[in-house]
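# Notes for the structure review
Listed below are the residues making up each chain.
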Amino acid sequence: MRSIKKGLIESLLLASKNVYPNEFFCLLGGKGGTIEEFVVVPAIFGDGFASYSADLIPFDREIIGTMHSHPSIYNHPSEADLESFRKFGKVHIIISYPYDLNTIRAFDNNGKTVQLKVIE
């Protein structure tokens, strides 16, 4: 089980709301199984998609996954999401509309749901 800081969840929810109706994308950083920060990389936030260039992602051992929002109520990974999951990181978060605690889901590289423990 991975853990995530409560303040970080609040920031991810706010970023998702601020970019709506477009998708938001960022990287997740942390140590020892705890997700502690998000890193915004150059990306295109579009209507129904977010894209980034892997060449622009910094090499950092503390980057452990990705997060993106879905502007619909559907918070399951698409085929494109699954392809992206397999390329980068170990934990991937999708937050769907209306961007609250009930619309957050986390996945491993294969798209299997994983549990997140919220910590202070």
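Note: the structure precedes this text.
Residues numbered from 1 in each chain as written. Predicted model: local features only at pLDDT ≥ 70, side-chain atom pairs only at ≥ 80, totals over all residues. Heavy atoms only, no water.

## Concerning the sheet that holds strand S8 (residues 104-107)
Defined as follows: A pair of strands is labelled paired if DSSP reports no fewer than 2 bridges between them. Only DSSP runs of H or I with at least four residues qualify as helices, and only runs of E with at least two residues qualify as strands; both kinds are numbered from the N terminus onward. In what follows, residue pairs with any heavy atoms lying within 4.5 Å of each other are defined as contacts. Lines fitted to C-alpha atoms define the axes, with helix axes restricted to the stretch in contact, and inter-axis angles between N-to-C directions lie between 0 and 180 degrees.
In space, the 8 strands of this open sheet follow the order S9-S8-S7-S6-S2-S3-S1-S10, with mixed pairing throughout. Only two strands of the sheet have a single neighbouring strand rather than two, namely strand S9 (113-114) and strand S10 (116-119). Where strand S2 (residues 25-31) and strand S6 (residues 63-70) come together, 5 bridges link them in antiparallel fashion. Pairing of leucine 28 across the sheet is with glycine 65, part of S6. The sheet contacts of helix H1 (residues 6-19) involve strand S1 (2-5), S2, strand S3 (34-39), S6, strand S7 (91-96), S8 and S10, and relative to S1 the element is tilted by about 70°. Across the sheet, helix H2 (residues 79-87) lies against S6, S7 and S8, angled at about 165° from S6, the strand it touches most.

## Comments concerning the environment of lysine 90
Using the following cut-off: Burial status follows relative accessibility: with a 1.4 Å probe on protein chains alone, a residue under 20% of its type maximum counts as buried, one over 50% as exposed, and anything between as partly exposed.
In this structure, lysine 90 sits in the loop between H2 and S7. Overall, the relative accessible area of 59% leaves lysine 90 in the exposed class. Each C-alpha atom, one on lysine 90 and one on asparagine 110, is 9.3 Å from the other, the two residues being 20 residues apart in sequence. Those residues in contact with lysine 90 that sit more than four places away from it in its chain are Arg2, Ile64, Gly65, Phe107, Asp108 and Asn109.

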